[in-house]
Amino acid sequence: MRIIRLTAAAGAIALAMAAAACGGDDGGSGSASGIVGKTSSAKKLVVGVKADQPGLGLQTGSAYTGFDIEIAKIIAKGLGVPDGGIEYKTTVSANREPYLQQGQVDIVVATYTINDERKKVVNFAGPYYVAGQDLLVPTASTITGPESLAGKKVCSVSGSTPAKRIQTDYKDAKLQQFDSYSKCVQALSDGSVDAVTTDDIILAGYAAQEQYAGKFKVVGKKFSDEPYGIGLKKADTEGCNKINDILKTAATDGSYKAAWDSTLGKSGTPAPQLDVAKLTNCS
C-alpha cells in the first residue's frame, strides 16, 4: 500500500510539473497565446510609454500624448482593443526590459531602439521609425558635432543607447546620466551640462517647447541610426508577427501618416514613409 501511495504522489507531482511547464511561458500576457490571446479575450492592453518626451510620449495630468501614443493606439485597435482598454504605464530607459520580463506591461512603445543586446532578452516588432543620435546645445554653443565633445559635460539617460555610445565611442566626453531626458534638458538650461544627447526627433521636441524657445538648437549632425521598435516578451513570436502585420496595414491605410501629422507633424516636418520591407524577423 505504501508503494502505491508513493507512486500516486509521484504521479501527481509529475502532472503538476507538466502543467507548470505548459503554463510557465505566457509571453507576459496572462495566456499561452501572448498578447494576441490576452487581447482577444480581455480587450485590454498595458503599454509602457515615456512620459517626458514632447511630441513622442508626454504625460499631462492623467493623459498621454505623442507619436508613440498614437502608434500604441494603432496597435491596440489592430488587436481589437478600444482606446478605453489601453492602460499606459510610464517607463524609463532602464526599466523597459524588466517591465516586459516581469509582465508589468504587455508591450513597450517608448522610443525603444532595436539592437542585438536587447533582442537577447525581449522581442521586437517594427521598426516604425528610424531616428538618429544628435546633440542639443545652447544656441550660442560652439559644439558642432560629436567630434567636439572632448572635455564637455554631456547628459543622457541611464540605460539608453545614446549614453552607451558616448561611453564607448566618445570617451573624452564627461558623461552625466539621469533617469529622464527632461532632467538632462533642465541641466542644460541651468548651465550644469554643455549638451544633451539622444535621438534627433526627441531633441527637436524639447527645443520646440515654449519655455525653451530660442534657448537651444539641435546640432543637426546625426551620428547613428536608431530604429524604434515595439518591445514584447521574448517568447511572444505570434504577438510580434501580428504587430508587424498591423504596421503594414497602417503604412497603407493612412493611419500611420495621421499619427505623425497630429503629433510630430505639427513641427512642419512631413511624415516619413514607413518602410515595411525593414520590419524585423520575429524570433
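Throughout what follows, the structure given in this document is the object of discussion. (Residues numbered from 1 in each chain as written. Predicted model: local features only at pLDDT ≥ 70, side-chain atom pairs only at ≥ 80, totals over all residues. Heavy atoms only, no water.)

1. Side note on helix α3 (residues 67-78)
Phase 1: With twelve residues, α3 extends 17 Å between its outermost C-alpha atoms, agreeing within 8% with the 16 Å of an ideal straight helix rising 1.5 Å per residue.
Phase 2: Within α3 the residues assigned to the buried category are Phe67, Asp68, Ile69, Ile71, Ala72, Ile74, Ile75 and Ala76.
Phase 3: Phi turns positive, to about 85°, at Gly80, one or two residues after α3. (Helix = DSSP H or I, 4+ residues; strand = E, 2+ residues; numbered from the N terminus. Expected span 1.5 Å × (residues − 1). Buried < 20%, exposed > 50% of the residue type's maximum accessible area, 1.4 Å probe, protein only.)

2. Quick word on the layout of surface pockets
Phase 1: Of the voids in this model, the largest pocket is the one considered here, and its volume is about 360 Å³.
Phase 2: In this structure, the largest pocket is lined by 16 residues; those nearest its centre are Pro54, Gly55, Thr263, Leu264 and Lys266.
Phase 3: It is helix α8 (residues 200-207) that provides the largest number of residues to the lining of the largest pocket, a total of three residues.
Phase 4: Here the lining of the largest pocket is built from residues that sort into six nonpolar, nine polar and one charged. (1 Å grid on protein atoms, 1.4 Å probe; cavity = no way out; pocket = protein on both sides within 12 Å on 5 of 7 lines; lining within 4 Å. Points joined across faces, edges and corners; volume = space filled by probe spheres on them. Nonpolar A, V, L, I, M, F, W, Y, C, P; charged D, E, K, R; others polar.)

3. Here we look at the sheet that holds strand β5 (residues 86-90)
Phase 1: Read from one edge of the open sheet, five strands run β5-β1-β6-β13-β7, paired in mixed fashion. The sheet is open, and its two edges are formed by β5 and β7 (122-131), each paired on a single side. Strand-to-strand, the axes of this sheet are offset by a mean angle of 25°, without reference to chain direction.
Phase 2: Bridging between strand β1 (residues 45-49) and strand β6 (residues 107-113) involves two bridges; their strand directions are parallel. Counted as the bridge partner of Val47 is Ile107 from β6.
Phase 3: Across the sheet, helix α9 (residues 237-253) is in contact with β6, β7 and β13 (226-233); its angle to β7 comes to roughly 25°. (Pairing = 2+ DSSP bridges. Axes fitted to C-alpha atoms, helices over the stretch in contact; angles between N-to-C directions. Contact = heavy atoms within 4.5 Å.)

4. Remarks on the pairing of β1
Phase 1: Buried residues dominate β1, accounting for five of its five residues.
Phase 2: Here β1 shows a buried face lined by Leu45, Val47 and Val49 and a second buried face lined by Val46 and Gly48.
Phase 3: Pairing between β1 and β5: five bridges, direction parallel. The partner of Val46 across the bridge, within β5, is Glu87.

5. Quick word on the state of the cysteines
As used here, a disulfide is simply a covalent bond connecting the sulfur atoms of two cysteines.
Phase 1: Within the structure shown, the criterion is met by two disulfides.
Phase 2: Note on cysteine connectivity: Cys155 is disulfide-linked to Cys184, with sulfurs 2.1 Å apart. Given an S-S torsion of about -70°, the disulfide between Cys155 and Cys184 has left-handed geometry. In this pair, Cys155 sits in strand β9 (residues 153-157) while Cys184 sits in helix α7 (residues 181-189), placing the two residues 29 residues apart along the sequence. Here Cys155 and Cys184 have matching classes, each one buried. (Disulfide = S-S within 2.5 Å.)

6. Topic: the side chain of Asn244
Phase 1: With respect to the element layout, Asn244 can be found in helix α9.
Phase 2: Setting aside anything within four residues of it in sequence, one finds Asn244 in contact with Ala125, Gly126, Leu279, Thr280 and Cys282.

7. Some details on the nonpolar core
Phase 1: In terms of nonpolar packing, the biggest core is built from 56 residues, with Phe67, Ile107 and Tyr128 touching the most fellow members.
Phase 2: If one sorts the elements of this core by residue count, α3 sits on top with seven residues.
Phase 3: In this view, Phe67 contacts Gly55, Leu56, Tyr128, Tyr129, Tyr256, Ala259, Trp260, Thr263 and Leu264; residues no more than four positions away in its chain are not counted. (Core = buried A, V, L, I, M, F, W, Y, C linked by side-chain atoms within 4.5 Å.)

8. Some details on the pattern of salt bridges
Phase 1: Applying the stated criterion to the full structure yields nine salt bridges.
Phase 2: We note a salt bridge from Lys221 to Glu147, for which the minimum N-O separation is 3.2 Å. Note that Lys221 is positioned in the loop between β12 (216-218) and β13 and Glu147 in the loop between β8 (133-138) and β9, a separation of 74 residues in sequence.
Phase 3: For the salt bridge of Lys183 with Asp179, the shortest nitrogen-to-oxygen distance reads 3.0 Å. (Salt bridge = Lys/Arg side-chain N within 4 Å of Asp/Glu carboxyl O.)

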